[in-house]
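# Topology and contacts: notes
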Amino acid sequence: VLLSACDNAWLLWSWRLLYAQNMRYRHMYLSLARYGLEHLPVHEEILQALLKRDVAKVEPLAIANYEHVMNFVEQALASEAKTAVDKGKQRRTAA
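The text that follows walks through the structure, step by step, so that each part is easy to find. (Residues numbered from 1 in each chain as written. Predicted model: local features only at pLDDT ≥ 70, side-chain atom pairs only at ≥ 80, totals over all residues. Heavy atoms only, no water.)

### Focus on the overall build of the protein
Selection rule: Each helix is a run of H or I in the DSSP string that is no shorter than four residues. Each strand is a run of E no shorter than two, and both are numbered from the N terminus. Here the radius of gyration uses the C-alpha set of atoms, whereas the globule reference equals 2.2 Å times the residue count to the power 0.38. We call a residue buried when its accessible area falls under 20% of the maximum for its residue type, exposed when it is over 50%, and partly exposed in between, using a 1.4 Å probe and counting protein chains only. Contacts: residue pairs with any heavy atoms within 4.5 Å of one another. The Shrake-Rupley method, run with a 1.4 Å probe, gives the accessible areas here. Residue values count only the displayed protein chains as cover.
Scanning the protein for helices and strands turns up 4 helices and 0 strands. The order of helices and strands in the protein, counted from the N terminus, is α-α-α-α. Taking 12 Å as the expected radius of gyration for a compact globule of 95 residues, we find that the protein reaches 20 Å, considerably beyond that expectation. A principal-axis box enclosing the C-alpha atoms of the protein has dimensions of 65 × 40 × 20 Å. Going through the 95 residues of the protein one by one, you find that 14% of them count as buried. Across the protein, the fraction of contacts at a sequence separation of at least 24, relative to all contacts at a separation of at least 6, is 47%. Carbon and sulfur atoms provide 63% of the accessible area of the protein, an area that totals close to 8100 Å².

Below you can see the structure in the form of structure tokens.
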């Protein structure tokens, strides 16, 4: 409904792409939300530095935060891949 009036092919294509990516990783929302809640003090520190326009402080904090989140996501995906491989092996063994 929201996009029904849109006649811009590029915007519609972009929306479909973002939607597909969103659906691809939707299984991680809960664990990522928990991870984020555990790191609220770091996010608060980044926000306070941003509000003070303290670029020298924001930059390393933000980069470290991005790296931590990236590592969390990569570990979660690797764990899911291992679980899928293990399940496949169990199915083949049982057959």
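### Remarks on a nonpolar patch on the surface
Quick note on the threshold: Residues enter patches when their relative accessible area tops 30% and they take part in no salt bridge; the joining distance is 9 Å for like charges and 5 Å for the nonpolar side chains Val, Leu, Ile, Met, Phe, Trp and Tyr. A side-chain nitrogen of Lys or Arg and a carboxyl oxygen of Asp or Glu constitute a salt bridge if their distance falls within 4 Å.
On the surface, a nonpolar cluster with roughly 470 Å² of combined accessible area is contributed by Trp10, Leu11, Trp13 and Leu17. By the secondary structure assignment, Leu11 is in helix α1 (residues 9-24). Classification of Leu11 as partly exposed rests on a relative accessible area of 43%.

### Concerning helix α3 (residues 40-51)
Condition: Expected helix span is given by 1.5 Å per residue-to-residue step, counting one fewer step than there are residues.
End to end, α3 covers 16 Å across 12 residues, agreeing with the expected 16 Å (1.5 Å per residue, within 8%). Positive backbone phi, at 60°, marks Arg53, one or two positions downstream of α3.

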